[in-house]
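Commentary on secondary and tertiary structure
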Amino acid sequence: MAAQHFAQHGYDGSSLTVIAEGAGMRKASLYAHFSNKDSLYEQTLDLAFADQEAAAKAAFASEADGKMPGIEYLEALSSRYAASVNFRFLLRSVYAPPHALEAQIIGKYRSFENELRALFVSAAAKEDEKTRDLTESYLAVVDSLQVELIYNSAENYRARYRAVLRMLQHYYEK
């Protein structure tokens, strides 16, 4: 309930009263578990990051040999965004963080990026300059596509996805 409310209304537009009511409890009961909105937001975000890390690990683990690392993860971004309130909440938090929690959120996202980086390098099975460049390009593509999911149309997303996928695959195959 909290993730859905935060994803839809953002931090500033969210109400602990509405979240508590949506969860079928009184606001006082919510305060028995969370000292304030910040602590509820942060715990909800931790769950969203854990969910996304699990999805990333599963995507990288399911890739076929010979395929560019990370393709399964990229291919699942759009459907994951449509299906997962946790992912929508996470992206809203990362790309439009509440000022009071910005440093914590960006720190958590950098940790998640490091996890993606490690998954990509491990799947590439080598660590040279080309792999480092491809890894950083891949992370830039992930960021770009995630922004498209939030702020643009599905058509724009698909066009950008196809273009960056061709570019990454071309560089990977060279």
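Along each chain, the written sequence defines residue order, and numbers are assigned to residues from 1. Local features in this predicted model are restricted to residues whose pLDDT is 70 or higher, and side-chain atom pairs enter the listing and the counts only when it is 80 or higher, whereas totals over whole chains, interfaces and linings include all residues. By convention in this description, side-chain values take in all heavy atoms of the structure and omit both hydrogens and water.

**As for helix α5 (residues 71-83)**
Short version of the rule: To qualify as a helix, a DSSP run of H or I must reach at least 4 residues; to qualify as a strand, a run of E must reach at least 2; elements of each kind are numbered from the N terminus. Expected span of a helix: the number of residues minus one, times 1.5 Å. Note that the bend at a residue is defined as the angle between axes fitted to the seven residues ending at it and the seven residues starting at it. Throughout this description, buried means an accessible area under 20% of the type-specific maximum (1.4 Å probe, protein chains only), exposed means over 50%, and partly exposed covers the range between. Note on contacts: a residue pair is in contact if any heavy atoms of the two residues lie within 4.5 Å.
Along its 13 residues, α5 runs 19 Å from first to last C-alpha, staying within 8% of the 18 Å computed at 1.5 Å per residue. In α5, a bend of some 45 degrees at L77 exceeds every other bend along the element. Within the sequence span of α5, burial applies to I71, Y73, L74, L77, R80 and Y81. Of the surrounding elements, those touching the buried residues of α5 are α4 (37-61), α6 (85-95), α7 (102-124), α8 (129-151) and α9 (154-173).

**Considering the packing of aromatic side chains**
Two aromatic rings are characterised by how far apart their centres lie and by the angle between their planes. Rules: Any two rings among Phe, Tyr and Trp, with Trp reduced to its six-membered ring, count as a pair given centres within 6.5 Å; such a pair is stacked if its planes are under 30 degrees apart, edge-to-face if over 60, and tilted if neither. Counted as over-ring charges are cases with an Arg CZ or a Lys NZ within 6 Å of the ring centre that also lie within 35 degrees of the ring normal.
A full pass over the atoms with the stated rule returns 12 aromatic pairs. With 6.2 Å between their ring centres and 50 degrees between their planes, F49 and F112 make a pair best called tilted. Here the residue F49 occupies a position in helix α4, and F112 occupies one in helix α7, the gap between them amounting to 63 residues. For the residue pair F49 and F112, the accessibility class agrees, reading buried in each case. Between the aromatic rings of F60 and Y138, the centroid separation amounts to 6.3 Å while the plane-to-plane angle is 80 degrees, which identifies the pairing as edge-to-face. You can see F60 sitting in helix α4 and its partner Y138 sitting in helix α8, a full 78 residues away along the chain. Pairwise contacts between aromatic rings join F6, Y11, Y41 and F89 into one cluster. The cationic tip of R80 hangs over the ring face of F87; the distance from NZ or CZ to the ring centre is 5.8 Å.

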